[in-house]
Amino acid sequence: AGSSIYMDASVGYWRESGALANVEIRNNVFDNCFTSPWGTAVITINAPVANMGSYTYHNNINIHDNTFRTFGTPILSAAGVGNLSFDDNKIIKTNKYPALTTVEAGIILDGCRNASIKNNNWDADYTYTKLKTTNMRSTDYKNRTDYRSMLQKEAGSDSGRFKYGTEPGFIA
């Protein structure tokens with residue numbers, strides 16, 4: 001199976017869905033999901049056009065208090081979501097299957113606005129600890145805490161800075 005939760009606008013091909021609003025994904029266990037290449041992460045949220053300027057297609061999607069047991073896949077891929085939160089989740093690395101994808105980012109955001117990623121518990125063995133953003137500005141994040149790769153280490157320094165998807169070739 002591919003993505004465990006796949007939210008897609010489908011306006012271009014099947015025309016069977018539209019924008020989603022007020023979705024809560026809470027208190028679930030995602031156990032070694034995303035074993036085939038259908039979708040881009042355990043939870044995939046697509047929009048027909050991710051880069052809509054200050055507008056978004058989907059709104060108010062809250063993913064919290066879940067446990068993700070994964071063997072090396074992206075956890076969340078979201079496009080065109082306003083008020084997206086990925087908070088208070090637990091990510092545990094398993095070795096049940098070989099990694100399916102070569103994507104190095106645990107979370108992939110494209111054209112999201114007012115995104116929150118905070119208070120998540122990342123297993124030290126989970127190597128997909130990077131955040132990849134596209135079509136986003138610094139004002140698109142309401143919380144920047146507890147995602148350990150949001151700070152990019154400057155060469156020869158112990159300090160870091162937050163890098164954004166507007167920078168060329170960005171992968172945090």
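Reading the values: the criteria
Residues numbered from 1 in each chain as written. Predicted model: local features only at pLDDT ≥ 70, side-chain atom pairs only at ≥ 80, totals over all residues. Heavy atoms only, no water. Phe/Tyr/Trp six-rings, centres within 6.5 Å; stacked < 30°, edge-to-face > 60°. Helix = DSSP H or I, 4+ residues; strand = E, 2+ residues; numbered from the N terminus. Buried < 20%, exposed > 50% of the residue type's maximum accessible area, 1.4 Å probe, protein only. Pairing = 2+ DSSP bridges. Axes fitted to C-alpha atoms, helices over the stretch in contact; angles between N-to-C directions. Salt bridge = Lys/Arg side-chain N within 4 Å of Asp/Glu carboxyl O.

(A) Structural view of the packing of aromatic side chains. This model, assessed by the stated rule, comprises 4 aromatic pairs. For the pair F30 and F68, a centre-to-centre distance of 4.7 Å together with 5 degrees between the ring planes defines the contact as stacked. Pair noted here: F30 is in strand 3 (residues 29-31) and F68 is in strand 6 (residues 67-70), with a separation of 38 residues, a long-range link. The two residues F30 and F68 agree in class, both being buried.

(B) Molecular detail of the pairing of strand 5 (residues 58-64). Bridge count for strand 2 (residues 21-26) against strand 5 is 5 bridges, and the pairing is parallel. Paired with V23 across the strands is I61, a residue of strand 5. The pairing of strand 5 with strand 8 (residues 81-87) spans 6 bridges and is parallel. Looking at strand 8, one finds that I61 is bridged to L84.

(C) Fine view of the sheet that holds strand 10 (residues 105-110). Strand order in this open sheet of 5 strands is 1-4-7-10-13, and the pairing throughout is parallel. The strands lining the two open edges of the sheet, one partner per strand, are strand 1 (5-7) and strand 13 (130-134). Going from strand to strand, the sheet's axes swing by 10 degrees on average, the running direction of each strand aside. As defined by bridge partners, strand 1 adjoins strand 4 (residues 43-45) across 3 bridges and the pair is classed as parallel. Looking at strand 4, one finds that I5 is bridged to I43.

(D) Highlighting the sheet that holds strand 3. The parallel open sheet is built from 4 strands, whose spatial order is 3-6-9-12. Either end of the sheet is taken by a strand with one partner, and the two such strands are strand 3 and strand 12 (121-122). In the sheet, strand 9 (residues 90-93) pairs with strand 12 via 2 bridges, with the strands oriented parallel. Residue K90 lies in a different strand from strand 12, and its bridge partner there is N121.

(E) Molecular detail of the pattern of salt bridges. The full count for this structure, using the stated rule, is 4 salt bridges. Between E24 and R26 there is a salt bridge whose closest N-O contact spans 3.5 Å. Overall, the relative accessible area of 42% leaves R26 in the partly exposed class. A salt bridge links R137 to D140; its shortest N-O distance comes to 2.9 Å. In this structure D140 comes out as buried when scored by relative accessible area, which is 2%. Linked by salt bridges that have partners in common, R113, R137 and D140 make up one network.

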